[in-house]
Amino acid sequence: MKFKKILFLLLISSLSCFAQDGMKEKKNQVKELKVSFFNSELNLTNWETAKFWPIYNAFDDKQFEIRHEKVKSYRNLMKGNLLDKMNEKDATTILRQIESTDEELYLLRKGLINNLKKILPKVKILKLKKAEEDFNRKLLQQYKEKNSKN
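Cut-off values and rules
Every residue gets a number counted from 1 within its own chain, in the order that chain's sequence is written. A pLDDT threshold of at least 70 governs which residues receive local features in this predicted model, and a stricter bar of 80 or more applies before side-chain atom pairs are shown or counted, although totals over entire chains, interfaces and linings include all residues. Hydrogens and water molecules were not included; the side-chain quantities draw on all heavy atoms of the structure. Definition used for salt bridges: Asp or Glu carboxyl oxygen within 4 Å of a side-chain nitrogen of Lys or Arg. Elements are defined by DSSP. Helices are runs of H or I of four residues or more, strands are runs of E of two residues or more, and each kind is numbered from the N terminus. Note on classification: 1.4 Å probe, protein chains only; a residue is buried when its accessible area is under 20% of the maximum for its type, exposed when over 50%, partly exposed between these limits. By convention, a stacked pair of Phe, Tyr or Trp rings (six-membered ring in the case of Trp) has centres within 6.5 Å and planes under 30 degrees apart, an edge-to-face pair has planes over 60 apart, and any other such pair is tilted. Residue count minus one, scaled by 1.5 Å, sets the expected span of a helix. Any two residues having at least one pair of non-hydrogen atoms within 4.5 Å are treated as being in contact. Counting of polar contacts relies on pairs of N or O atoms within 3.5 Å, with two restrictions inside protein: one atom must be capable of donating a hydrogen and the other of accepting it, and residues adjacent in sequence are counted only when both atoms are side-chain atoms. Joining through side-chain atoms within 4.5 Å is the link that ties buried Ala, Val, Leu, Ile, Met, Phe, Trp, Tyr and Cys residues into a set, and such a set is a nonpolar core. Every axis corresponds to a line fitted to the C-alpha atoms, with the helix fit spanning only the stretch in contact, and the corresponding angles, defined between N-to-C directions, vary from 0 to 180 degrees. Angular relationships are summarised with four words: roughly parallel below 35 degrees, roughly antiparallel beyond 145, roughly perpendicular across 65 to 115, and oblique for the angles in between. By definition, any crossing whose near helix is turned counterclockwise from its far helix by less than a right angle is left-handed, and any crossing with a clockwise turn is right-handed. Think of it as three bins: nonpolar holds Ala, Val, Leu, Ile, Met, Phe, Trp, Tyr, Cys and Pro, charged holds Asp, Glu, Lys and Arg, and polar takes everything else, Gly as well. The rule is simple: put a 1 Å grid over the protein atoms alone, call a set of points where a 1.4 Å probe fits but cannot get out a cavity, call an open set with protein on both sides within 12 Å along at least five of seven lines a pocket, and count a residue as lining if it has an atom within 4 Å of a point. Grid points are joined across faces, edges and corners, and a volume is the space filled by probe spheres set on the points.

So, the pattern of salt bridges
Argument step 1. Inspection of every chain in the model, using the stated rule, returns 9 salt bridges.
Argument step 2. Taking the shortest distance from any N to any O, the salt bridge between Lys-62 and Glu-65 comes out at 3.4 Å. Of the two residues, Lys-62 and Glu-65 both sit in helix α2 (residues 46–77), 3 residues apart, roughly one turn of that helix.
Argument step 3. When the shortest N-O distance is used, the salt bridge between Lys-129 and Glu-133 registers 3.7 Å. Placement of the pair is Lys-129 and Glu-133 together in helix α5 (residues 122–149), with a separation of 4 residues, close to one helical turn.
Argument step 4. On the basis of relative accessibility, which here comes to 42%, the residue Lys-129 falls in the partly exposed class.
Argument step 5. The partly exposed category is assigned to Glu-133, whose relative accessible area is 38%.
Argument step 6. Salt bridges sharing common partners tie together Lys-130, Asp-134 and Arg-137.

Below, the structure is given as structure tokens:
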């Protein structure tokens, strides 16, 4: 009996690792597509490319961390009919968390722009904003098309 429990736990752990590896692989694929898309849209020089990507990647990783850790925590509290059962004190706490997260994301974006002003013309910073929006729209469209086929 103990052997079956150990085997079951090993199976669960390996599935969990496999799922995380799959998510990491998807994230890396998206990152590769993003690099290619941004490079073509921004037309960066070699010098700009060398300076831009470390700054942008640090920003993107931090933004991902904020969105997937902090936002997930209060989004789960707002699922289904939990909002109908929530008291004012809990709602106030969640609103403060949302405001704090939004402010953190805003300051992160502001820091990115300030860092990029040192290395890129302002027109390319605006093109970056447009490239991010276009890329996200394109990614969402591909996701919708993939899911509509299933």
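So much for the structure itself; the text now carries on.
Points about the packing of aromatic side chains
Argument step 1. Within the structure shown, the criterion is met by 9 aromatic pairs.
Argument step 2. Ring centres 5.5 Å apart and planes at 75° place the aromatic pair Phe-38 and Tyr-56 in the edge-to-face group. Of this pair, Phe-38 sits in helix α1 (residues 2–42) while Tyr-56 sits in helix α2; the two residues are 18 residues apart in sequence, bridging distant segments of the chain.
Argument step 3. When the centroid spacing of 4.8 Å and the interplanar angle of 80° are considered together, the rings of Phe-52 and Trp-53 count as edge-to-face.
Argument step 4. Taking the relative accessible area as the measure of exposure, Phe-52 reaches 0% and is therefore buried.
Argument step 5. Among the aromatic residues, those joined into a ring-pair cluster are Phe-37, Phe-38, Phe-52, Trp-53, Tyr-56, Phe-59 and Phe-135.

Focus on helix α4 (residues 88–117)
Argument step 1. Here α4 spans 43 Å end to end across 30 residues, near enough to the 44 Å set by a 1.5 Å rise per residue.
Argument step 2. Those residues of α4 lying buried are Ile-94, Thr-101, Leu-105, Leu-112 and Leu-116.
Argument step 3. The elements touched by buried residues of α4 are α2 and α5.
Argument step 4. Two or three places before Lys-89, at the opening of α4, Asn-87 has a side-chain oxygen 3.1 Å from that residue's backbone nitrogen.

Thoughts on the nonpolar core
Argument step 1. Formed by 16 residues in total, the largest nonpolar core has its most connected members in Phe-38, Phe-52, Tyr-56, Leu-116, Leu-120 and Leu-128.
Argument step 2. Elements that contribute at least two residues to this core include exactly α1, α2, α4 and α5.
Argument step 3. Apart from residues no more than four positions distant in its own chain, Tyr-56 is found in contact with Lys-34, Phe-38, Leu-112, Leu-128 and Glu-132.

Quick look at the packing of α2 against α5
Argument step 1. The N-to-C vectors of α2 and α5 enclose an angle of 50°; their axes lie 14 Å apart at closest approach. One element, α2, and the other, α5, form an angle in the oblique class. Considering the relative orientation of α2 and α5, their crossing is right-handed. Facing α2, whose interface residues are Glu-48, Phe-52, Tyr-56 and Phe-59, α5 presents Lys-124, Leu-128 and Glu-132.

Structural notes on the packing of α4 against α5
When two helices pack together, their arrangement is captured by the angle between the axes and the distance separating the axes.
Argument step 1. Contact geometry of α4 with α5 gives a least axis separation of 10 Å together with a crossing angle of 135°. Viewed along their axes, α4 and α5 adopt a mutual orientation that is oblique. Between α4 and α5, the residues in contact are Arg-109, Ile-113, Leu-116 and Lys-117 and Ile-125, Leu-128 and Glu-132, respectively.
Argument step 2. Of the residues contributing to the contact of α4 with α5, the split by class is 4 nonpolar, no polar and 3 charged.

Regarding the layout of surface pockets
Gaps left between atoms are located by rolling a probe of water-molecule size over the structure's atoms.
Argument step 1. Taken as a whole, the largest pocket holds about 1,300 Å³ of empty space.
Argument step 2. For the largest pocket, the lining is made up of 32 residues, of which Val-30, Phe-64, His-68, Asn-136 and Leu-139 are closest to its centre.
Argument step 3. Elements that contribute at least two residues to the lining of the largest pocket include exactly α1, α2, α4 and α5.
Argument step 4. Within the lining of the largest pocket, the residues separate by chemical class into 13 nonpolar, 5 polar and 14 charged.

That is the geometry; function is a separate question.
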